[in-house]
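Reading the structure
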Amino acid sequence: MVNNELKEEQILIGITGIDQPGLTATIMRILSRYEAQILDIGQANIHSTLSLGILIRISTEKSGFVMKDLLFAATELGVHIDFRPVADKEYEGWVRHQGKNRYILSVVGRSLTALQIALVTAIIRQQGFNIDNIRRLTGRMSIEHPESNLRTCFEFSLRGKPTDREQMQSEFMRLSREHGIEISFQEDTMYRRMRRLICFDMDSTLIQAECIDELARRHGVYDQVAAITASAMRGEIDFKESFTRRVALLKGLDISVMEDVQKNLPITEGCDRLMKVLKKAGYKIAILSGGFTYFGEYFRKTYGVDYVYANELEVGEDGKLTGRYKGPVVDGHRKAELLKLIAQVEQINLEQTVAVGDGANDLLMISEAGLGIAFHAKPKVVESAEQSINNIGLDAILYFLGFKDSYLGEDGVA
């Protein structure tokens, strides 16, 4: 008795060579003649060099013919083609693991070397990951104009589960310190590319200074203010007491001094680019700062920041600071509360929020956010945060969020 049931098999087709218009269309026309089913397809193009993979399911009666026609086409197109059979069991193994335990690793630097990538990928291998895909997020580097090469970022799509995540994070932080690169490791969930709210600390984050220190210098009380700050950092007094005592030392400072400090704020590298891109992309932006609203308003006016929560200094009728402040102090707990409150008001899931800061009073906010980033932070903050930026500007955050320079109409030259 003859068994008329058609048997089918999977064939993985690999095509490499110089890319050219119409190549994929030609391959697909041949496959369509033999009623091949496309199970998977992936393509990479690096400087006009093509690497195309196609997994098909096809009748065993037709597979020989389709491979013969593809070989003829490859000769005409000037590309190399190979075939590998994929057993049902192997294919089903891929099916069972799809969508599970996937992570995104972003590596950012002013430039990246083979050594830096080798060290990062060695940790990936030790942790049991497989690299599914690598893509460049930044524009190509210029050889003729190297001064325009502002940054380089590669994004690795990983499959697997870390054997020791804490150790892995520690190793990434060590590489960041020793080799001047930024490394972000995130679970690849639906929220990763759907962030909607970003909250910034201001002093030593958006600006490269502590405003209270700048005011204290102008008022001749910097040493006293610094001594109180040091006492708070040693844990001898809490933030509220420290803040109250430091503000008291500013009594009598003319408001014109604050105006002058505001005009000369040292804006952090990459801040301008980051803010403009975030606004264009529709992000809600908040400043949650233990500094002063007077300086936070600069960012509201300049970049259209949506929320500014900081501490308001009291000004007397004579135009001088009274040494007091208005309202509740914005400390670490208040920052975390405000992040959650703004997310609730904007109807944004906490997993869609980002928090960026440098100090201990940012830790609660950073830990509450879906993506918490320690920026040029104190060692204690870097150790506690899962993501950190220590070597380059604020716009590195764009690559942690998955932006590509090509999305922004940039070729890598700002």
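Residues numbered from 1 in each chain as written. Predicted model: local features only at pLDDT ≥ 70, side-chain atom pairs only at ≥ 80, totals over all residues. Heavy atoms only, no water.

The next thing to look at is the overall build of the protein. What the protein contains, in helices and strands, is 15 helices and 15 strands. For 414 residues, the compact-globule estimate of 2.2 N^0.38 gives 22 Å, and the C-alpha radius of gyration of the protein, at 28 Å, exceeds that figure by more than 25%. Expressed as lengths along the three principal axes of its C-alpha atoms, the size of the protein is roughly 105 × 50 × 40 Å. Within the protein, the fraction of its 414 residues that count as buried is 46%. Sequence separation of 24 or more characterises 69% of the internal contacts of the protein that already satisfy a separation of 6 or more. (Helix = DSSP H or I, 4+ residues; strand = E, 2+ residues; numbered from the N terminus. Rg over C-alpha atoms; globule rule 2.2 N^0.38 Å. Buried < 20%, exposed > 50% of the residue type's maximum accessible area, 1.4 Å probe, protein only. Contact = heavy atoms within 4.5 Å.)

The next point concerns the packing of helix H1 (residues 23-33) against helix H2 (residues 60-77). In the contact formed by H1 and H2, the axes pass within 10 Å of each other and the chain directions differ by 160°. In terms of orientation, H1 lies roughly antiparallel with respect to H2. Crossing hand, H1 versus H2: right-handed. Of H2, the residues touching H1 (which contributes Leu23, Thr26, Ile27, Ile30, Leu31 and Arg33) are Val66, Asp69, Leu70, Ala73 and Leu77. (Axes fitted to C-alpha atoms, helices over the stretch in contact; angles between N-to-C directions. Parallel < 35°, antiparallel > 145°, perpendicular 65-115°, else oblique. Left-handed = near helix turned anticlockwise from the far one by under 90°.)

Next up on the list: the sheet that holds strand E2 (residues 37-46). The strand order E2-E3-E1-E4 describes an open sheet built from 4 strands, whose pairing is antiparallel. The sheet terminates laterally at E2 and strand E4 (80-86), the two strands that pair on one side only. Each neighbouring strand pair of the sheet contributes to a mean axis angle of 15°, computed without reference to strand direction. As paired strands, E2 and strand E3 (residues 49-59) are joined by 9 bridges and run antiparallel to one another. (Pairing = 2+ DSSP bridges.)

With that out of the way, let us pick up helix H12 (residues 332-345). Compared with the 20 Å implied by 1.5 Å per residue over 14 residues, the 20 Å span of H12 between its first and last C-alpha is a close match. Those residues of H12 not exposed but buried are Gly332, Lys335, Ala336, Leu338, Leu339, Ile342 and Ala343. One side of H12 carries all its buried residues, which in axial view fall inside an arc of 160°. Residues His333, Gln344 and Val345 are exposed on H12 and point more than 90 degrees away from its buried face. Along its buried surface, H12 packs onto strand E9 (197-200), strand E10 (284-292), strand E11 (307-315), strand E13 (353-357) and helix H13 (363-368). At the N-terminal boundary of H12, the capping side chain belongs to Asp331, with an oxygen 3.3 Å from the backbone nitrogen of His333. (Expected span 1.5 Å × (residues − 1). Arc of directions from axis to C-beta. Polar contact = N/O pair within 3.5 Å; in protein donor to acceptor, adjacent residues only side chain to side chain.)

Counted under the stated rule, the structure contains 10 aromatic pairs. Seen from their ring centres, Tyr298 and Phe299 are 5.2 Å apart, and the 90° between their planes marks the pair as edge-to-face. Put simply, the rings of Phe239, Phe243, Phe292, Tyr294, Phe295 and Tyr325 touch in pairs and so form one group of aromatic residues. It is Arg196 that lies over the ring of Tyr283; its NZ or CZ is 5.4 Å from the centre. If you follow Arg217 out to its NZ or CZ, it ends over the ring of Tyr222, 4.3 Å from the centre. (Phe/Tyr/Trp six-rings, centres within 6.5 Å; stacked < 30°, edge-to-face > 60°. Lys NZ or Arg CZ within 6 Å of the ring centre and 35° of its normal.)

Within the protein, residue pLDDT values average 91, and 95% of them lie at 70 or more. Per-element averaging of pLDDT across the protein places helix H14 (residues 379-384) at the bottom with 82 and E9 at the top with 98. (pLDDT = per-residue confidence, 0-100.)

In this section: the sheet that holds strand E8 (residues 182-187). Across the sheet, 4 strands lie side by side as E6-E7-E5-E8; this open sheet has antiparallel pairing. Looking along the sheet, the strands with just one partner apiece sit at the ends: strand E6 (130-136) and E8. For this sheet the average axis-to-axis angle between neighbouring strands, irrespective of direction, equals 20°. Here strand E5 (residues 102-109) pairs with E8 via 6 bridges, running antiparallel. Residue pairing for E8: Ile104 is matched across the bridge by Gln186. Helix H5 (residues 165-179) rests against E5 and E8 of the sheet, and its axis sits at about 155° to E8.

Following the criterion strictly, the structure yields 0 disulfides and no others. No disulfide involves Cys153; its sulfur sits 19 Å from the nearest other cysteine sulfur, which is in Cys271. (Disulfide = S-S within 2.5 Å.)

What follows is about the environment of Arg135. Mapped onto the elements, Arg135 comes out in strand E6. Take Arg135: its relative accessible area is 23%, and that puts it in the partly exposed class. Here the alpha-carbon distance between Arg135 and Ile397, two residues 262 residues apart in the chain, equals 17 Å. Sequence-distant contacts of Arg135, defined by excluding residues within four places in its chain, comprise Cys153, Phe154, Glu155, Arg193, Gly402, Lys404 and Tyr407.

With 5 of 5 residues buried, E13 is to be regarded as a mostly interior element. Side chains Thr353, Ala355 and Gly357 project from E13 onto one buried face, and the interleaved Val354 and Val356 project onto a second face that is buried too. Note that E9 and E13 share 4 bridges and pair parallel. In the strand pairing of E13, Leu197 is matched with Thr353. Where E13 meets strand E14 (residues 371-375), 4 bridges bridge the pair, whose relative direction is parallel. Looking at the pairing, Ala355 lines up with Gly372 of E14. Assessed by its sense of winding, the connection that carries the chain from E13 through H13 to E14 is right-handed. (Right-handed = clockwise from strand over helix to strand, strands pointing away.)

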